[in-house]
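Spelled out, the chains give:
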Amino acid sequence: MRNREGTPPSSATDRPGPHAFWRVLPAAAAYLFLAALLLATDTPASDIARYTFYALWGVLLPGTLVFRALRRRPHSLVEDLAFGAVTGLALELAAWAVLVRTGAQPFAVLWPLAVVIPFAAVPGLRRHWRPRSTTRHSLGWSWSVSGTVMLTSVYFHQTFLSLYPVLPDKEDSRLFGDMPYMLSLAANAKQNVPLTLPQVAEEPLHYHWFTFAHMAMTDMVGHVDLAVIESRLMVPALAALAMVITAVVAHRLIGRAWAGPVAALLVFAVSEFTAAYPNPASTWTFGAHAVRLMSWSSLSQAYSQPLLIALMGVVGDALRRSRRDGGASPAGDSPDSPPLLGRGVYVLVAFFALASSAAKASTLPVAVAGLALCGFVLLITTRRIPWHVVGLGAILGGAQLFATAAIFNFESYGLEIIPFANVETYWADPQQLRSPAFQAVVVVGTLVAFLLNHQLKLLGAIPLISKRRFRLEPVQWFLLGASVAGPCAFLAIKGYNSSYFTLAALNFGAMLSAWGFCETFERASLGVRGKVALSFGAIAWSAALTYGIYRGSDRWSAYVARLVGDEHGASTSYSLLLPALVMAAALVLAALGGAALWWLGSRVWPPLRGRGTIVLLTAALATGTPGLFHDILQSRESLWSYSWVMPGSQVEAARWIRAHSEPSDVLSTNSHCWQLEGPQPAGEPCDNTRSQWLSAYSERSVLIEGWAYAPRGIALSGGSVAYNGPFWNQELFRLNEDAVYRPTAAILDRLREQHHVRYVVVHRPSGSESPLLAGLATKVYDNGRMAVYELSRHGGR
């Protein structure tokens, strides 16, 4: 009898494994490769060393010890470390809350001792210091996962690390527009539990801010500058963890070790299907971009990814116990499948659910929906209440309630349930010029375009479901329910931010798709030459499609416009979808023709029989890979359209304040607007209140800076990504402006006494200060573009 990797079950113990050096080499290679890329992008070696210390001491060590104490039987060292790292992220949040609430931030580096000492002192816990793994992954598996990690590192180096400075130091320096905002939240997390809005001092922040607590702990434990954490270290490290935990969870749920690298590639490499190049943010047809926004431009997405995947893994592991409830044979029956985690799995579910709840607001609802479908199916098929599913639902529901009430304060951020509001612009016909039949075609075409654009990762689930005729295991129902819930939420809830539900669901869909791919691959029973041919064929197809779209996108779009009679943009509502739809139709026709030829060929050459499905599925999944490489090509040719000018003089002034002030000091400024190409000129109306640079680089709260992302503002914006209306407290706003343009001793005293303002920071491109200010406050800094005045009880010099 052979296991699912095609080797006898006893072979792992009958033959000696590779030397420890060769087992460690893949992980060491991935680490050193990333370190080299970081050094090449001006990351100080000392910061890399400190961050490594933080990751090992502050996350991996305590998390691994706790995970080992909670799981019943060991499986592999890689699993211990992967789940241990995510457990460490969850424990870190509790440590952060205690440290900041008690003012013990200087002692943050000691918090792991709260775990280390009991595990060293209690005899029953000491055994968890020793690795007791029963499984050693093959070198092929290790190098495959390592290669995926290195692929993510190259992607981030090309699209982000090598393009943006750690700190803007030139007047025309550029950076992604949201980076100052995210940096300011991390700075705020070093001082406040819960967080407040740094751009409006004392304004509560009802937002998923756990990401920034993690950044604050990285700073406090590792003593690494927040700007370096944000712009260099955090994203590739979390992406690497996401790839490893994906591989581990896939092995645990699917029961095949080799499913791990497949799932990791599906999560990261299969992007949106599009026939367009370049593909800037303005042409993202259905919300957030799965690859790009899983990483550097949404830190909360990057941070929430490993937490959500680990949550998927432990919930799925608990559902593997469902055989007694009438479910299909669980993956745990496979000789290659890891042993069940045991009763400690429910504690792990609670850890990861609570950490996920306010890491990204869109992640936990998707998991809850998947669990609800699983429970419903078990209830119908077994006619018994699946109490273990109810228990899991209570844990996840409790975590969601905690976040909704305690973190988000029941804020909706302007999101409303309006079915199809996010896509109806593509079928809009306000003048009703289309016939009902043609309008129906446009509606169906729009929904098909949405599925093509975001759901290619799920294609592997089709043969899985069809082969089993919907008689799925409980774990599979859970994955399927979550996969469907995400896009359904996007189609039902109006607002750009609802697209993050889709992105969260794609993690579940990739796991289910990997499952279907593995089973299809095994049924094909390919020999060595067949496997090599399939691999090289997939690479060649991906490369050809990537090159073809890159070189011919303009001509193809023009051809499609002529084909449908839209040369002058007459059908503007759906024109953006046409190139991808027509290309998809052409590929489907080619696939049908290829299938017919394959069938005819199999009658002549029997080895082709039963193997067409895996070839077709591999080609279909590879069709989603060009988006990843187009991101890299586009980044090398031009900066992303949402990179903004950030003058170095402003950063220099803010960093001076950071070095000459206390964390509790409040600033006042006349900088409220920020445009793509630099500061808003004085006197021009402001239509973008996203000034966040001062609170970010000074790491201090500002009385009123930019209020575009204030929760109360977003709630008024109808679900848009930013609020650009007037500040809600006009009396306070006038006081703030008068301090710069019409200062009096009474005004400055009021700022200092009532609002704890220490410095007035003048942004001269927005407007020069009144000459009176120099006589009422002490000028302590001036670089020409920026001036800083310190308020004192006696005023003047």
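Located above this text is the structure these notes cover.
A brief report on the enclosed structure follows. Residue indices follow the written sequence of each chain, beginning from 1 at its first position. Restriction of local features to residues with pLDDT of at least 70 applies here, the model being predicted, together with a cutoff of 80 or more for giving and counting side-chain atom pairs; totals for whole chains, interfaces and linings are based on all residues. Side-chain calculation: all heavy atoms of the structure are included, whereas hydrogens and water are not.

## Let's talk about the nonpolar core
Note on soluble globular proteins: their nonpolar side chains tend to be buried together.
Then, in step 1: The set of buried Ala, Val, Leu, Ile, Met, Phe, Trp, Tyr and Cys residues whose side-chain atoms join them within 4.5 Å is what this entry labels a nonpolar core. The buried label applies to any residue whose accessible area, calculated with a 1.4 Å probe on protein chains only, is under 20% of its type's maximum; exposed applies above 50%, and partly exposed to all values in between. Formed by 216 residues in total, the largest nonpolar core has its most connected members in Trp96 and Leu311.
Then, in step 2: Going along the chain from the N terminus, every DSSP run of H or I of four or more residues is numbered as a helix, and every run of E of two or more is numbered as a strand. The dominant element in this core, judged by the number of residues it contributes, is helix H10 (residues 226-254), at 19 residues.
Then, in step 3: Trp96 has contacts with Ala189, Asn192, Val193, Leu195, Trp209, Ala213, Ala216, Met217 and Met220, leaving out every residue within four places of it along the chain. Note on contacts: a residue pair qualifies if any of its non-hydrogen atoms lie within 4.5 Å across the two residues.

## Some points on the pattern of salt bridges
Then, in step 1: A pair is scored as a salt bridge if a Lys or Arg side-chain nitrogen falls within 4 Å of a carboxyl oxygen belonging to Asp or Glu. Inspection of the entire model under this criterion finds 27 salt bridges.
Then, in step 2: Linking Asp225 and Arg658 is a salt bridge whose minimum nitrogen-to-oxygen distance equals 4.0 Å. A residue pair is termed long-range when its members are at least 10 positions apart, and Asp225 in the loop between helix H9 (210-222) and H10 and Arg658 in helix H24 (residues 648-659) qualify at 433 residues.
Then, in step 3: The exposure class of Arg658 is partly exposed, given its relative accessible area of 26%.

## Considerations on the side chain of His763
Then, in step 1: Inspection of the secondary structure puts His763 in strand E9 (residues 757-763).
Then, in step 2: Polar contacts, as counted here, are pairs of nitrogen or oxygen atoms within 3.5 Å of one another; within protein the pair requires one atom able to donate a hydrogen and one able to accept it, and residues that are adjacent in sequence qualify only if both atoms are side-chain atoms. Within the structure, His763 has its side chain in polar contact with the side chain of Gln650 (distance 2.9 Å).
Then, in step 3: Engagement of the side chain of His763 in a polar contact is seen with the side chain of Ser766, the distance being 2.7 Å.
Then, in step 4: Those residues in contact with His763 that sit more than four places away from it in its chain are Gln650, Asn670, Ser671, Pro679, Trp693, Arg785 and Met786.

## Regarding the environment of Ile385
Then, in step 1: As for its position among the elements, Ile385 is in the loop between helix H14 (363-382) and helix H15 (387-407).
Then, in step 2: You can call Ile385 partly exposed: its relative accessible area is 44%.
Then, in step 3: Put simply, Ile385 and Gly375 are 10 residues apart on the chain and 8.1 Å apart in space, counted from C-alpha to C-alpha.

## Here we look at the state of the cysteines
Then, in step 1: Count a disulfide wherever a pair of cysteine sulfur atoms falls within 2.5 Å. Tallying each qualifying case throughout the model produces one disulfide.
Then, in step 2: Across the disulfide, Cys673 is cross-linked to Cys686 (sulfur-sulfur distance 1.8 Å). Looking along the S-S bond of the Cys673-Cys686 disulfide, the torsion reads about -130°, which is the left-handed sense. Pair noted here: Cys673 is in the loop between strand E7 (666-669) and helix H25 (693-698) and Cys686 is in the loop between E7 and H25, with a separation of 13 residues, a long-range link.
Then, in step 3: With a relative accessible area of 13%, Cys673 lands in the buried category.
Then, in step 4: For Cys686, a relative accessible area of 31% puts it in the partly exposed group.
Then, in step 5: With no disulfide partner, Cys488 has as its closest neighbouring cysteine sulfur the one in Cys374, 18 Å distant.

## Observations regarding a nonpolar patch on the surface
Then, in step 1: A grouping of Phe376, Leu379, Ile380, Ile385, Trp387 and Val390 is seen on the molecular surface, where their side chains present a nonpolar patch of about 630 Å² in accessible area.
Then, in step 2: At the level of secondary structure, the elements contributing two or more residues to the nonpolar patch comprise H14 and H15. The patch calculation keeps residues exceeding 30% relative accessible area without a salt bridge and links them within 9 Å when they carry like charges or within 5 Å when they are nonpolar (Val, Leu, Ile, Met, Phe, Trp, Tyr). Every accessible area reported is derived by Shrake-Rupley at a probe size of 1.4 Å, with residue values counting cover from the shown protein chains alone.

## What to know about the pairing of E9
Where a strand is regular, its side chains alternate between the two sheet faces.
Then, in step 1: With six of seven residues buried, E9 lies mostly within the body of the structure.
Then, in step 2: Here, any two strands with at least 2 DSSP bridges between them count as paired. Here E7 pairs with E9 via four bridges, running parallel. In the strand pairing of E9, Leu667 is matched with Tyr759.
Then, in step 3: Bridging between E9 and strand E11 (residues 786-790) involves five bridges; their strand directions are antiparallel. By the bridge assignment, Val762 is partnered in E11 with Ala787.

## Thoughts on the packing of helix H7 (residues 139-161) against helix H23 (residues 626-637)
Then, in step 1: To get an axis, a line is fitted to the C-alpha atoms, and for a helix only the part in contact is used. The angle between two axes follows their N-to-C directions and goes from 0 to 180 degrees. Two numbers describe how H7 lies on H23: the axes approach to 8 Å, and their chain directions differ by 30°. Taken together, H7 and H23 sit at an angle that is classed as roughly parallel. In the crossing of H7 with H23, the sense of the turn from one axis to the other is left-handed. Each of Leu151, Tyr155, His157, Gln158 and Thr159 in H7 lies in contact with H23, whose residues at this interface are Leu628, Asp631, Ile632, Ser635 and Arg636.
Then, in step 2: Side-chain classes follow a simple rule in which Ala, Val, Leu, Ile, Met, Phe, Trp, Tyr, Cys and Pro form the nonpolar group, Asp, Glu, Lys and Arg form the charged group, and the remainder, Gly included, forms the polar group. Looking at the contact of H7 with H23 residue by residue, the classes come out as four nonpolar, four polar and two charged. Angles below 35 degrees are treated as roughly parallel, those above 145 as roughly antiparallel, those between 65 and 115 as roughly perpendicular, and all remaining angles as oblique. Helix crossings are classified by the rotation of the near helix relative to the far one: an anticlockwise turn of less than a right angle makes the crossing left-handed, while a clockwise turn makes it right-handed.

## Description of the environment of Ser153
Then, in step 1: In this fold, Ser153 is placed in helix H7.
Then, in step 2: Through-space distance from the C-alpha of Ser153 to that of Leu38 is 9.4 Å; in sequence the pair is 115 residues apart.
Then, in step 3: Dropping the residues within four chain positions of it, Ser153 is found in contact with Phe33, Leu34 and Leu37.

So, to be careful, I would describe these as geometric facts and stop short of saying anything about function.
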